[in-house]
Amino acid sequence: MKKLNNAFSLIEIIIFTSIATFFMIALTSSLFMIMNRYNSIKENSVEIKNIAVVIDYIEKDILNVNMYPHPPYEEYIYTIDHILFFSNNRKIEYRFNNDQFERIVNGKVVLKTAKVKNFSIQYFNYEDDVLKENQKPAYCIMEFMFDKKSSHKFKMRL
Amino acid sequence: MLKKGYILVTVLLFITLLSTAFSTVLLYVTYNFNRVNKNIVFIKNTEKLFSTLEKVKEDIALYKDDSYTSSCGGWIPKLTGYDCSVDIVPEDSKIALNLIDRNALKVFLKDSKIDVDITKTIWDTGIIDATPDIEKIFSIYKVPNYNVSDEKMILEYYKLLPYVTHNPEFITDRIKSYRTRESYLKTDKLIIGSDEFEFFRSYFPRGKEDFQALCADYMGEVNLNYVEEKVFFFYYGLVSPEKDSQAQYYWDKILSYRNANKSITEITAIFNQDNGRFKKVFGLDSKLFKVSIGYGKLRLVSIVRVYKDRKGINSTFVFTNKVWEEKYERKKNIDIQ
């Protein structure tokens, strides 16, 4: 008599259940991994976008700086973490305040970001020496630190 | 034998889940990187503009004294061989708005019915940006001419320059000492000649004495080959005696050269013998240029000055730069209308 195979045997059930469990675990863990990667990619892309926005503003300010004619030197501010200069006939300020970088245009804060981790400026005279007291700067080098690895240096004529 | 497997719905669900997750990530990344990409393109294009400017500066510096005049148009020949569109116009054949005698300027503005507020400070560029017609006549980038410019304005000018380290009042006091007579503009000679001009070098920082040639002049910088009618009449009136009525005669002479498509190569060709007074203001070459370079939608405008160092080698210096995207400019124009 031909044997009918209407039901699974015990071994088959054990094998299929363990395979199914393995797949379920694999599926959920891979989903978790995807979600984690997704979040980190999302964060990174937003971070890079924010940095791009900051660089975008800085580039446009630096390219259009009022070299000559420019306002009297009394109106400028030259300190290590605060600079006031004129670009496109607008008063521009870069300041590092409470661990946040601020870009102020004509007295209004236009950009405030914690993406810039550190910001420092060095001033030079026409002899390419670091600026002494009571001297007028010829140019400055601004260093923007975006994270521990990447920093950007911008040279700006004043 | 029957093959066992996942049912179609489960497989589809799984694939959809995966593809949705991946495409969302991709969308997010591309959305955010679009800004980055724009920024990279902007930086790349501006680099191209500035590298072209460097080439233009080298080419301009190649032209020696008095060779700026050409048979066509009356100044340096058209420079070719650039990837970008390059347009070079002399900037010094205009009235030095910030440096010229205030009283003479007031009379000129009244006569020609031009509305410019000259009480504004030297750095107020807004007064020029207003209308292109005014920009044709006035320049805010011209350097002082020791024989023509107002002493007070020269002092204000030097206070704004970072490379005059000594007290700039020394320079203006010395200029004053040469200008014994009040009518220094009307004298028939150069009060400050080449020897006197050399002396001023000592007021500039050691090693940077060549800046003297960069930010000052004593001879005429208004290029007769390029000068506008209003500018010519203004400068002529500035240096000639009050009863002089030869201006129209000289202007017709200049026009005859232009109509014949010839350039003026000697100042005596226009002003016969008594050219001493005119040498103060008029010349035959240009040293200050407005260079505008276009690449795609980006445009760079630079004011470049050519000057000679002590060894007689031409050097160039950029006074100011301006970069903008033309679509914004068009929008701005529409707003004004």
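Values in this document were obtained by computation on a predicted structure and should not be read as measured data. (Residues numbered from 1 in each chain as written. Chains lettered and ligands numbered in written order. Predicted model: local features only at pLDDT ≥ 70, side-chain atom pairs only at ≥ 80, totals over all residues.)

Caption draft 1: Summary view of the overall build of chain B. Counting its secondary structure elements, chain B contains 12 helices and 8 strands. Split into buried and exposed, the 337 residues of chain B put 31% on the buried side. (Helix = DSSP H or I, 4+ residues; strand = E, 2+ residues; numbered from the N terminus. Buried ≥ 20, exposed ≤ 12 C-beta atoms within 10 Å, placed from the backbone.)

Caption draft 2: Geometry of the interface of chain A and chain B. Tallying the contact residues gives 27 residues for chain A and 31 residues for chain B. Considering only residue class, the side of chain A that touches chain B consists of 17 nonpolar, 4 polar and 6 charged. (Contact = placed C-beta atoms within 7 Å. Nonpolar A, V, L, I, M, F, W, Y, C, P; charged D, E, K, R; others polar.)

Caption draft 3: Summary view of the sheet that holds strand 7 (residues 139-145) of chain A. All names here are of chain A. Read across the open sheet, the 3 strands follow the order 6-7-8; overall the sheet is antiparallel. Looking at the sheet topology across the chains shown, the edges are occupied by strand 6 (118-124) and strand 8 (151-157). The sheet shows a mean angle of 15° between the axes of neighbouring strands, taken without regard to direction. Across 7 bridges, strand 6 lies against strand 7 in antiparallel orientation. In the sheet register, Asn 118 faces strand 7, and the bridge partner there is Met 145. (Pairing = 2+ DSSP bridges. Axes fitted to C-alpha atoms, helices over the stretch in contact; angles between N-to-C directions.)

Caption draft 4: Quick look at the packing of helix 1 (residues 10-63) of chain A against helix 1 (residues 8-62) of chain B. Put simply, helix 1 of chain A and helix 1 of chain B touch, their axes get as near as 9 Å, and they point 20° apart. The angle between helix 1 of chain A and helix 1 of chain B places the two elements in the roughly parallel class. You can see that helix 1 of chain A and helix 1 of chain B cross each other, and the crossing is left-handed. (Parallel < 35°, antiparallel > 145°, perpendicular 65-115°, else oblique. Left-handed = near helix turned anticlockwise from the far one by under 90°.)

Caption draft 5: Looking closely at the nonpolar core. Ranked by internal contacts, the top residues of the largest apolar core, which has 61 residues, are B:Ile95, B:Tyr235, B:Val281, B:Val291 and B:Ile293. In contact with B:Ile95, other than residues within four places in its own chain, are B:Ile100, B:Ile137, B:Phe138, B:Val231 and B:Phe234. Within the second largest apolar cluster, 15 residues are counted, among which are A:Ile58, A:Tyr94, A:Val116 and A:Phe146. (Core = buried A, V, L, I, M, F, W, Y, C linked by C-beta atoms within 7 Å.)

Caption draft 6: Region of interest: the pairing of strand 2 (residues 82-87) of chain A. All names here are of chain A. Here strand 1 (residues 77-78) pairs with strand 2 via 2 bridges, running antiparallel. Looking across to strand 2, one finds that Tyr 78 is bridged to Ile 83. Connecting strand 1 to the antiparallel partner strand 2 that follows it, the hairpin turn spans 3 residues. Looking at chain direction, strand 2 and strand 3 (residues 90-97) are connected through 6 bridges and run antiparallel. Residue pairing in the sheet places His 82 in a bridge with Arg 95 of strand 3. Linking strand 2 back to strand 3 in an antiparallel pair, the connection comprises 2 residues, with Asn 88 at a positive phi of about 55°.

Caption draft 7: Broad picture of the confidence of the model for chain B. Residues and elements named next belong to chain B. Per-residue pLDDT for chain B averages 80, and the proportion of residues at 70 or more is 86%. Low pLDDT, under 50, characterises residues 70-74; the stretch is placed with 12 contacts to residues that sit more than four places away or in other chains. Low confidence marks residues 331-337, where pLDDT is under 50. Its contacts with residues over four positions away, or in another chain, come to 0 contacts. Reported confidence for the predicted complex is 0.76 by ipTM and 0.80 by pTM. (pLDDT = per-residue confidence, 0-100.)

Caption draft 8: Main features of the sheet that holds strand 1 of chain A. All names here are of chain A. Pairing in this open sheet of 5 strands is antiparallel, and the strands run 1-2-3-4-5 from one edge to the other. In this open sheet, the two strands that pair with only one neighbour each are strand 1 and strand 5 (108-113). In this sheet, strand 5 lies alongside strand 4 (residues 100-105) in antiparallel orientation, the contact comprising 5 bridges. In the strand pairing of strand 5, Ile 104 is matched with Val 109. Along the sheet, helix 1 contacts strand 2, strand 3, strand 4 and strand 5; its crossing angle with strand 5, the most-contacted strand, is approximately 140°.

Caption draft 9: Fine view of the packing of helix 9 (residues 229-239) of chain B against helix 10 (residues 247-259) of chain B. Residue and element names in this part refer to chain B. It is the contact of helix 9 with helix 10, at a shortest axis distance of 11 Å, that shows an interaxial angle of 140°. By the angle class used here, helix 9 and helix 10 are oblique. Handedness of the crossing formed by helix 9 with helix 10: right-handed. Between helix 9 and helix 10, the contacting residues are Glu 229, Phe 232, Phe 233 and Tyr 236 on the first element and Ala 247, Tyr 250 and Trp 251 on the second.

Caption draft 10: Looking closely at helix 1 of chain B. Taking 1.5 Å per residue as the helical rise, helix 1 of chain B with its 55 residues ought to reach 81 Å, and the 77 Å between its terminal C-alpha atoms agrees with that figure. A bend of about 35° at B:Phe33 is the largest found in helix 1 of chain B. Buried within helix 1 of chain B we find B:Asn32, B:Asn39, B:Leu49, B:Thr52, B:Leu53, B:Val56 and B:Ile60. Packed against the buried residues of helix 1 of chain B are helix 1 of chain A together with strand 1 (85-90), strand 6 (288-295), strand 7 (298-308) and strand 8 (314-325) of chain B. (Expected span 1.5 Å × (residues − 1). Bend = angle between axes of the 7 residues up to and from the residue.)

Caption draft 11: Quick look at unusual backbone geometry. Notably, A:Asn89 is not glycine yet its phi reads approximately 65°, a positive angle. Classification of A:Asn89 as partly exposed rests on a count of 15 C-beta atoms within 10 Å.

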